[in-house]
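Now for the letters of each chain:
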Amino acid sequence: MAFNFFRRGRSATEDALGERLPPGQYATEKWPVLHYGAVPKFDQASWDFRISGLVEEPVRLTYDEFMALPRKTVTRDVHCVTRWSMFDSEWEGVPFLEAVKLVKVQPEAQVVIVHAENNYTTNLPLPDVMRDDVLFVYRRNGEDIAREHGWPLRLFVPHLYFWKSAKWVRGLEFVAQDRPGFWEGYGYHMRGDPWNEERYDWQ
Ligand SMILES: Nc1nc2c(c(=O)[nH]1)N[C@H]1C(S)=C(S)[C@@H](COP(=O)(O)O)O[C@H]1N2
Ligand SMILES: [Mo]
């Protein structure tokens, strides 16, 4: 498939990336900032993380309790629906699977609605989050991420478009029935797989 004439117009970096660049994407070195609304304030004393919905006992963690959960580092790429991709960052955070250990998810649950500051939400099927490279991150390449990138805590779902990686995340809600989150309500795809170019739901 990789005939040279398909590669015309691609940069040297993009050529070197080869099959790692999803269709319709270009490579960027700089990390753009994109979100709706204002960067929220962080107040450590009132910050909490709630897990609710179809779980046996809902939980509420303080900032210190959340940050005491096991952490790990993964090296992964980012693919944004606005067509930039950023390669090989090292991300540090709390695995989704560690946070979920704190509750017993009921068998009817199919989807998780991620809740962030300012009522931002995004919906994810459980098989897309119950993976060992899905993290709640606070650090990239050894440095705390900037507030505008979601500090103190953002979700990171490397295999889906980046709008699924909610910034300033505050909780999870397990549900039986899928429902659109913030950008999905404006026509973004319900799943968002960059390898299938699941950009908009009218596709
Ligand atoms: N809370 C919140 N998270 C969000 C968004 C948002 O509007 N609010 N936008 C999403 C979109 S559309 C993108 S492309 C990425 C951008 O993340 P970045 O600014 O760190 O590059 O954040 C995602 N997470
Ligand atoms: Mo986006």
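Placed above this text is the structure.
Residues numbered from 1 in each chain as written. Chains lettered and ligands numbered in written order. Predicted model: local features only at pLDDT ≥ 70, side-chain atom pairs only at ≥ 80, totals over all residues. Heavy atoms only, no water.

(A) The arrangement of the environment of Ser89 in detail. Note that Ser89 resides in strand 5 (residues 84–95). Each C-alpha atom of the pair Ser89 and Arg76 lies 5.7 Å from the other, and the pair is 13 residues apart in sequence. Residues within four places of Ser89 in sequence aside, it is in contact with Val74, Thr75, Arg76, Arg140 and Asn141. A polar contact of 2.8 Å, which involves the side chain of Ser89, links it to the side chain of Arg140. (Helix = DSSP H or I, 4+ residues; strand = E, 2+ residues; numbered from the N terminus. Contact = heavy atoms within 4.5 Å. Polar contact = N/O pair within 3.5 Å; in protein donor to acceptor, adjacent residues only side chain to side chain.)

(B) Representation of the pattern of salt bridges in the model. Summed over all chains, the structure comprises 17 salt bridges. A salt bridge links Arg170 to Glu117; the shortest N-O distance between them is 2.8 Å. A residue pair is termed long-range when its members are at least 10 positions apart, and Arg170 in strand 11 (residues 169–175) and Glu117 in the loop between strand 6 (111–116) and strand 7 (121–125) qualify at 53 residues. The exposure class assigned to Arg170 is partly exposed, which follows from its relative accessible area of 22%. Between Asp128 and Arg191 there is a salt bridge whose closest N-O contact spans 2.7 Å. Note that Asp128 is positioned in helix 4 (residues 126–129) and Arg191 in the segment after helix 5 (182–185), a separation of 63 residues in sequence. (Salt bridge = Lys/Arg side-chain N within 4 Å of Asp/Glu carboxyl O. Buried < 20%, exposed > 50% of the residue type's maximum accessible area, 1.4 Å probe, protein only.)

That's the geometry; what it means functionally is another story.
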